[in-house]
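Structure assessment
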Amino acid sequence: MKTIYQTTANATAGRNGIAKTEDGLLEVNLSYPKEMGGAGNATNPEQLFAAGYAACFSNAILHVAREQKIAISAAPVSATIGIGANQSGGFALSAALAIELELEQTAAVELVRIAHQVCPYSNAIRNNIEVELTVNKQLLA
């Protein structure tokens, strides 16, 4: 792979610290969510992952639409990230993406399927994290 962009973020004190990028554009306090015994008074890694995945997948849809000359100006994506214990004593993530497109359903589904192959987040987690895709409220098999 020829890298066209890279960035670095640093975190201190895990889920109860601060995460920030070296360029200073992002700096967030971190806290365990209440569901995991924390105060829930700051963001957490799952929220950051959800925001990044939603933005990236939306852009993948728009990219594929442009390449296929499909005229859409928006690709709303809602990403839900879950965390829970796995069978080996560690933790695992799950992801669900809900996509709403103003297209005929067959065309919308095809566009999302292709975007799922293009999106770098999808490619990074494929075969590692369960990803559920819903297009215009229809769950994809």
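First, a word on scope: everything that follows refers to the structure included in this document. Just so you know, these numbers come straight off a predicted model, no measurement behind them.

**Examining the environment of Ala92**
As for its position among the elements, Ala92 is in strand E5 (residues 91-99). As for Ala92 and Gly82, which are separated by 10 residues in sequence, their C-alpha atoms are 8.2 Å apart. Among all residues touching Ala92, those that are not within four sequence positions of it are Gly82, Ile83, Gly84 and Asn86.

**Quick notes on the sheet that holds strand E2 (residues 18-21)**
The strand order across the open sheet built from 3 strands is E1-E2-E3, with neighbouring strands paired in antiparallel fashion. Every interior strand has two partners, whereas the edge strands, strand E1 (9-12) and strand E3 (27-29), have only one. Averaged over all neighbouring strand pairs, the angle between strand axes comes to 10°, with direction disregarded. Pairing of E1 with E2, which is carried by 4 bridges, proceeds in the antiparallel orientation. Across the sheet, residue Ala9 finds its bridge partner in E2, namely Thr21.

Rules of the game
Residues numbered from 1 in each chain as written. Predicted model: local features only at pLDDT ≥ 70, side-chain atom pairs only at ≥ 80, totals over all residues. Heavy atoms only, no water. Helix = DSSP H or I, 4+ residues; strand = E, 2+ residues; numbered from the N terminus. Contact = heavy atoms within 4.5 Å. Pairing = 2+ DSSP bridges. Axes fitted to C-alpha atoms, helices over the stretch in contact; angles between N-to-C directions.

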